[in-house]
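Here is how the chains run, residue by residue.
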Amino acid sequence: MANVSPVSAETASRIRKYLQDYGATLIALPDAIWGSSVCIWYGDHWDALVDLWTQEEGQSDLVLHVRVSEANPGFLIQIHLVYVP
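This structure is a prediction, so every number in the text was calculated from the model and none was measured.

Here is what the cut-offs are and how they apply
Residues numbered from 1 in each chain as written. Predicted model: local features only at pLDDT ≥ 70, side-chain atom pairs only at ≥ 80, totals over all residues. Heavy atoms only, no water. Core = buried A, V, L, I, M, F, W, Y, C linked by side-chain atoms within 4.5 Å. Buried < 20%, exposed > 50% of the residue type's maximum accessible area, 1.4 Å probe, protein only. Helix = DSSP H or I, 4+ residues; strand = E, 2+ residues; numbered from the N terminus. Contact = heavy atoms within 4.5 Å. Patch = residues over 30% accessible without salt bridge, like charges linked within 9 Å, V, L, I, M, F, W, Y side chains within 5 Å. Areas by Shrake-Rupley, 256 points an atom, 1.4 Å probe, with all protein chains shown as cover. Salt bridge = Lys/Arg side-chain N within 4 Å of Asp/Glu carboxyl O.

Draft legend 1. Region of interest: the nonpolar core. Formed by Ile15, Ile33, Ala48, Val50, Leu52, Leu62, Leu64, Val66, Val68, Leu81 and Val82, the largest nonpolar core amounts to eleven residues. Residue assignment for this core shows that the elements contributing at least two residues are strand E3 (46–54), strand E4 (58–70) and strand E5 (75–83). Ranked by the residues each element gives to this core, the list is headed by E4, at four residues. Discounting residues that sit within four places of it in the chain, Ala48 has contacts with Val38, Cys39, Leu64, His65 and Val66.

Draft legend 2. Quick look at unusual backbone geometry. In this structure, the amide linkage connecting Asn72 to the following residue, Pro73, adopts the cis form with an omega of 5°. For Pro73, the location among the structural elements is in the loop between E4 and E5.

Draft legend 3. Layout of a nonpolar patch on the surface. Together, Val38, Ile40 and Tyr42 make up an exposed nonpolar region whose accessible area comes to about 280 Å². Of note, Ile40 is situated in strand E2 (residues 38–41).

Draft legend 4. Structural detail: the pattern of salt bridges. Applying the stated criterion to the full structure yields three salt bridges. The salt bridge involving Arg14 is made with Glu10; its shortest N-O contact spans 2.6 Å. Placement of both Arg14 and Glu10 in helix H1 (residues 9–22) is noted, with a separation of four residues, approximately one turn of the helix. According to the relative accessible area criterion, Arg14 is partly exposed, its value standing at 40%. Residue Arg67 pairs with Asp47 through a salt bridge whose shortest N-O separation is 3.4 Å. One end of the pair, Arg67, is in strand E4; the other, Asp47, is in strand E3, and 20 residues separate them in sequence. Residue Arg67 is classed as partly exposed on the basis of its relative accessible area, which comes to 29%.

Here it is, written out as structure tokens:
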């Protein structure tokens, strides 16, 4: 089971603005994203850049930056930002 931490109002606002400026509609992620996404282990958590897909482009230039750590039960996911690296 994965739990997602709430993001701050400031982070939510930034993500919303970046997505509006990008001008495309996000869609559900296909399994193929794990072939191009990047995860780095930091000893007590993973940092991941997950490639995002849009209705207009398929795989886009956008990434979701998250931190994943173990929690009881399952995992805790902390969203940092959505952006174009």
